[in-house]
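Architecture at a glance
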Amino acid sequence: MEEVFLLLCFLVISVSAVSNYKQSRQFDKLSKESNNIKVDVVRNGRRQQISIYAVVVGDVVCLKIGDQVPADGLLIDGHSLQVDESSMTGESDHVEIDSAQNPFLISGTKVADGYGRMMVTSVGMSTAWGELMSSVSRNSEEQTPLQARLNKLTSAIGKLGLAVALLVLVVLLVRYFTGNTKDEYGNREFTSGSTKISDVLNAVVKIVSAAVTIVVVAIPEGLPLAVTLTLAYSMKRMMADQAMVRNLSACETMGSATIICTDKTGTLTLNQMRVNKFWLGQEPITAKSPSSSIAASVLELIQQGVALNTTGSVYWSSSGSEYEFSGSPTEQALLSWAVLELKMDMQKLKESCTVLHVEAFNSQKKRSGISMRSNLSNTVHVYWKGAAEMILAMCTHYYDASGNMKALDSDAKMIIQGMAAGSLRCIAFAHKQVDEEQQTDGNAPQKLKEEGLTLLAVVGLKDPCRPGVKKAVEDCQNAGVNIKMITGDNIFTARAIASECGILKPGVSQCKRGSN
């Protein structure tokens, strides 16, 4: 019995150790790849993406909403920059960063609003985050669902075995000392006053041994081995599906999943945006060269709205033969459209005006805006860009192709819904000229005007679904796992993409809209 028990223990430990070691090495490689975040820096006068591990002291890092601050540094310039320092301080309130009063940015924090550029002052373990992590030892003793159930089962079996063993012990002892047991010759084993003490002790030891045997046998020694071998087999199956698992226990945790919540952009789709449709106010523009069919004054307003109200950049390639665009996929698509089709000169537009105030984009407002002063006419203009339904609610008029201003009616909503139903992401641009006194109060900029705007343009961006997504969704649904798509896009766009991926089924699935 002891030899078998030791052999089983050896097998359990060996299988677990070998599997965990192999998976740990592969998982470390995968973790290094996933932690290799790309950050935007300015080197040699050009904005470029580099690995977070390649950031050095003196680099100028460009930050936008959602970015993790890669190192400690000082703010050079920015607009409405706020960071979430809860990972460092535990405080949930966002901290406002400005170059005058609080220019310090800490590694490990996240940009919650606005954008800016910072000068790196320390990296690696020399940062505040590095010092904090070096003093923290992580020890997770949380049990997986399977471990909890096995512990509960083992405890129940142990208690039941102990109860049976005690009952057997009491019954056997009572039968022995009452003379109800006989030896192999048919004689009573115990007779009061005549049985030797040594014989009594030997009989008692045998009875206790029988009870102990019941307790030992009741606990299934092969259960840990069976579970370990099953999880090891599951790990190999998951590896064949390109899923890396570090710990064996994670297999059963994943196997217990019944719902998968997934993002849309970049997960279900390729995250490769391009402008597919263009409406000037309530008029579709189908010409191959839109710049020639739009009034010069309106074209200039659209170009300014794209060039100034953006976190992206436009460069000439090193060969000098084509343009390069940086920024988010949406910003790149809009800049590419404006430069290649609207003949926008971004550098010239930036030199012709002065930006007064910026309200950066975030997921709650779903829009961004700027106010600027034209150096030529000395007039102040406000530009808004964002989700079409949000911008449309701020507009009362629109420009036609001839530059005439017309009243906006309900047809504009139908246009947006039509594009969204075709799985297009709708982005709108709006404009308003204001008095400088209304926009500034002394040196302090006022909140940008949000009513009485004029709609400039609505563009529809197409982001195609990834190949194989529909098959993957179907496999999950056949396995009893429901797929939920979570997105901040227009509900019509979300419904179209979900239907295209096979998540939304007519008469079965439904879309829900929330405030968050």
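This one's a predicted model, so the numbers in the text were calculated from it and none came from an experiment.

Time to look at the overall build of the protein chain. Summing up its helical and strand segments, the protein chain has 15 helices and 22 strands in all. The contacts in the protein chain between residues at least 6 apart in sequence include a share of 67% that link residues at least 24 apart.

Turning to the packing of aromatic side chains, a few remarks are in order. Aromatic rings considered in pairs are described by the distance between their centres and by the relative angle of their planes. If you walk through the whole model with that rule in mind, you get three aromatic pairs. Here Phe278 and Trp337 contribute two aromatic rings whose centre-to-centre distance is 5.0 Å and whose plane-to-plane angle is 75°, an arrangement assigned as edge-to-face. Of this pair, Phe278 sits in strand β9 (residues 274–280) while Trp337 sits in helix α9 (residues 329–340), and the two are 59 residues apart along the sequence. For the pair formed by Phe278 and Trp337, the shared burial category is buried. For Arg367, the ring lying beneath its charged end belongs to Trp384, and the centroid distance is 5.2 Å.

A few words now on the packing of helix α12 (residues 411–421) against helix α15 (residues 491–501). Orientation of α12 relative to α15, taken along the N-to-C sense of each, is 20°, at an axis distance of 7 Å. As judged from the angle between their axes, α12 and α15 are roughly parallel. Between α12 and α15 lies a crossing whose hand is right-handed. Residues Gln417, Ala420 and Ala421 of α12 form the contact with α15, whose participating residues are Phe492, Thr493 and Ala496.

A few words now on α12. For α12, the set of buried residues is Ala412, Ile415, Ile416, Met419 and Ala420. Viewed along the axis of α12, the buried residues span an arc of 130°, placing them on a single side of the element. Turned more than 90 degrees away from the buried face of α12 sit Lys413, Met414 and Ala421, all of them exposed. Next to the buried residues of α12 lie β9, α11 (388–392), β18 (424–434), β21 (453–462) and α15.

Residues Phe278, Ile302, Trp337, Met344 and Val459 are the most contacted members of the largest nonpolar core, which totals 38 residues. For this core, the elements supplying multiple residues, two or more each, are β9, α8 (296–308), α9, α10 (346–351), β13 (353–359), β14 (367–374), β18 and β21. It is α8 that provides the largest number of residues to this core, a total of seven residues. Contacts of Trp337, omitting those with residues within four sequence positions, involve Val275, Phe278, Ile302, Val306, Leu342 and Val459. Listed in part, the 24 residues of the second largest apolar core include Ile416, Cys426, Ala428 and Leu455.

Let's shift gears to the confidence of the model for the protein chain. Averaged over all residues, the pLDDT of the protein chain equals 82, while 85% of them reach at least 70. At the level of individual helices and strands, the protein chain shows its lowest average pLDDT in strand β20 (residues 444–445), which scores 53, and its highest in strand β15 (residues 380–387), which scores 93.

Attention now goes to a nonpolar patch on the surface. Judged by side-chain polarity, Leu74, Ile76, Phe104 and Met119 come together as a nonpolar surface patch covering roughly 340 Å² of accessible area. Structurally, Phe104 can be placed in strand β6 (residues 104–105). Among the residues examined, Phe104 registers a relative accessible area of 52% and is labelled exposed.

Let us now look at the pairing of strand β4 (residues 72–84). Walk down a regular strand and you will see the side chains alternate between the two sheet faces. Pairing of β4 with strand β7 (residues 110–122) involves 10 bridges; the strand directions are antiparallel. Opposite Gln82, over in β7, you have Asp113 as the bridge partner. Judged from the two bridges that link them, β4 and β6 form a sheet pairing that is antiparallel. When the sheet's bridge partners are listed, Leu74 is paired in β6 with Phe104.

Both strand β3 (residues 60–63) and β7 contribute to a ladder of four bridges, which runs antiparallel. Residue Val60 lies in a different strand from β7, and its bridge partner there is Met119.

This part is about the environment of Leu349. By the element assignment, Leu349 lies in helix α10. Expressed as a C-alpha distance, the spacing of Leu349 and Gln304, which sit 45 residues apart in the sequence, is 6.6 Å.

With phi around 60°, Lys343 is a residue other than glycine that occupies positive phi space. Tracing the backbone shows Lys343 in the loop between α9 and α10. Positioned with a positive phi, Lys366 is a non-glycine residue whose angle comes to about 60°. Mapped onto the elements of the fold, Lys366 is located in the loop between β13 and β14.

Turning next to the side chain of Gln282. Position of Gln282 relative to the elements: it lies in the loop between β9 and β10 (283–284). Since its relative accessible area comes to 15%, Gln282 is described here as buried. A polar contact is formed between the side chain of Gln282 and the side chain of Asp409, at a distance of 3.1 Å. Setting aside chain neighbours within four positions, we find Gln282 in contact with Tyr398, Leu408, Asp409, Asp411, Ala412 and Ile415.

A few words now on the pattern of salt bridges. According to the stated counting rule, one finds 10 salt bridges in the structure shown. A salt bridge links Asp67 to Lys64; the nearest nitrogen and oxygen atoms lie 3.6 Å apart. Under the relative-accessibility criterion, Lys64 is labelled partly exposed at 23%. With a closest N to O distance of 3.0 Å, Lys471 and Asp475 form a salt bridge.

Reading the values: rules and limits
All residue numbers refer to positions counted from 1 along the written sequence of the respective chain. Reporting of local features is limited, given that this is a predicted model, to residues whose pLDDT is at least 70; pairs of side-chain atoms are given and counted only at 80 or more, and all residues count toward the totals for whole chains, interfaces and linings. By convention in this description, side-chain values take in all heavy atoms of the structure and omit both hydrogens and water. Secondary structure elements follow DSSP: runs of H or I no shorter than four residues count as helices, runs of E no shorter than two count as strands, and numbering proceeds from the N terminus. Note on contacts: a residue pair qualifies if any of its non-hydrogen atoms lie within 4.5 Å across the two residues. Only the six-membered ring of Trp is used, alongside the rings of Phe and Tyr, when aromatic pairs are assigned; centres must lie within 6.5 Å, and planes under 30 degrees apart are stacked while those over 60 apart are edge-to-face, with the rest tilted. Burial here depends on accessible area, computed with a 1.4 Å probe over protein chains only, as a share of the maximum for the residue type. Under 20% is buried, over 50% is exposed, and the range in between is partly exposed. Our definition puts a charge over a ring when NZ of Lys or CZ of Arg is within 6 Å of the ring centre and also within 35 degrees of the ring normal. Interaxial angles span 0 to 180 degrees and are taken between N-to-C directions of axes, which are lines fitted to C-alpha atoms, for helices over the stretch in contact. Angles are sorted into four bins: roughly parallel if under 35 degrees, roughly antiparallel if over 145, roughly perpendicular if 65 to 115, and oblique for all others. By definition, any crossing whose near helix is turned counterclockwise from its far helix by less than a right angle is left-handed, and any crossing with a clockwise turn is right-handed. The arc in question is the one traced by the directions running from the helix axis out to the C-beta atoms. As used here, the term nonpolar core means buried Ala, Val, Leu, Ile, Met, Phe, Trp, Tyr and Cys residues forming a set that is joined through side-chain atoms within 4.5 Å. In predicted models, pLDDT denotes the confidence assigned by the predictor to each residue on a 0 to 100 scale. Patch membership needs two things, relative accessible area over 30% and no salt bridge, and members are linked within 9 Å if like-charged or within 5 Å if nonpolar (Val, Leu, Ile, Met, Phe, Trp, Tyr). Computed with the Shrake-Rupley method and a 1.4 Å probe, the accessible areas treat only the protein chains shown as cover for residues. Take a side-chain nitrogen of Lys or Arg and a carboxyl oxygen of Asp or Glu: if they are within 4 Å of each other, that pair is a salt bridge. Strand pairing is defined by DSSP finding a minimum of two bridges between the two strands. Any pair of N or O atoms that falls within 3.5 Å is considered a polar contact. Within protein, one atom must be able to donate a hydrogen and the other to accept it, and sequence-neighbouring residues count only if both atoms are side-chain atoms.

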